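Secondary and tertiary structure notes
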Amino acid sequence: QAVKSPLMGLFEKRRVKKFFEFLQSWKNDEPATHQDTMKTVYEKFGLEPGTQDFIGHARALYLDD
């Protein structure tokens, strides 16, 4: 849904898509996939501050809310 959001421009949507693909390859039991802080990871993907905020809030939600 985030990629379909009108809140992001075309280029930002491409960066977010790559970010989400990166997250899909994350494995808790493999330290090699543990890159850096989230700030560093956001910067690596060039995500805008508004997008970082959007993702941060979405991650904080619970499925049973």
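My aim in this report is to walk through the structure given alongside it, one point at a time. (Residues numbered from 1 in each chain as written. Predicted model: local features only at pLDDT ≥ 70, side-chain atom pairs only at ≥ 80, totals over all residues. Heavy atoms only, no water.)

**Description of the environment of Phe-45**
Looking at the secondary structure, you find Phe-45 in helix 2 (residues 38-45). Sequence spacing of Phe-45 and Val-16 is 29 residues, and the spatial spacing of their C-alpha atoms is 7.8 Å. Beyond its immediate chain neighbours, meaning those up to four positions away, Phe-45 contacts Arg-15, Lys-18, Phe-19 and Phe-22. (Helix = DSSP H or I, 4+ residues; strand = E, 2+ residues; numbered from the N terminus. Contact = heavy atoms within 4.5 Å.)

**As for the nonpolar core**
Met-8, Val-16, Phe-19, Phe-22, Val-41, Tyr-42, Phe-45, Leu-47 and Ile-55 together form the largest nonpolar core, which totals nine residues. At the level of secondary structure, the elements contributing two or more residues to this core comprise helix 1 (10-24) and helix 2. Residues within four places of Phe-19 in sequence aside, it is in contact with Met-38, Val-41, Tyr-42, Phe-45, Leu-47 and Ile-55. (Core = buried A, V, L, I, M, F, W, Y, C linked by side-chain atoms within 4.5 Å. Buried < 20%, exposed > 50% of the residue type's maximum accessible area, 1.4 Å probe, protein only.)

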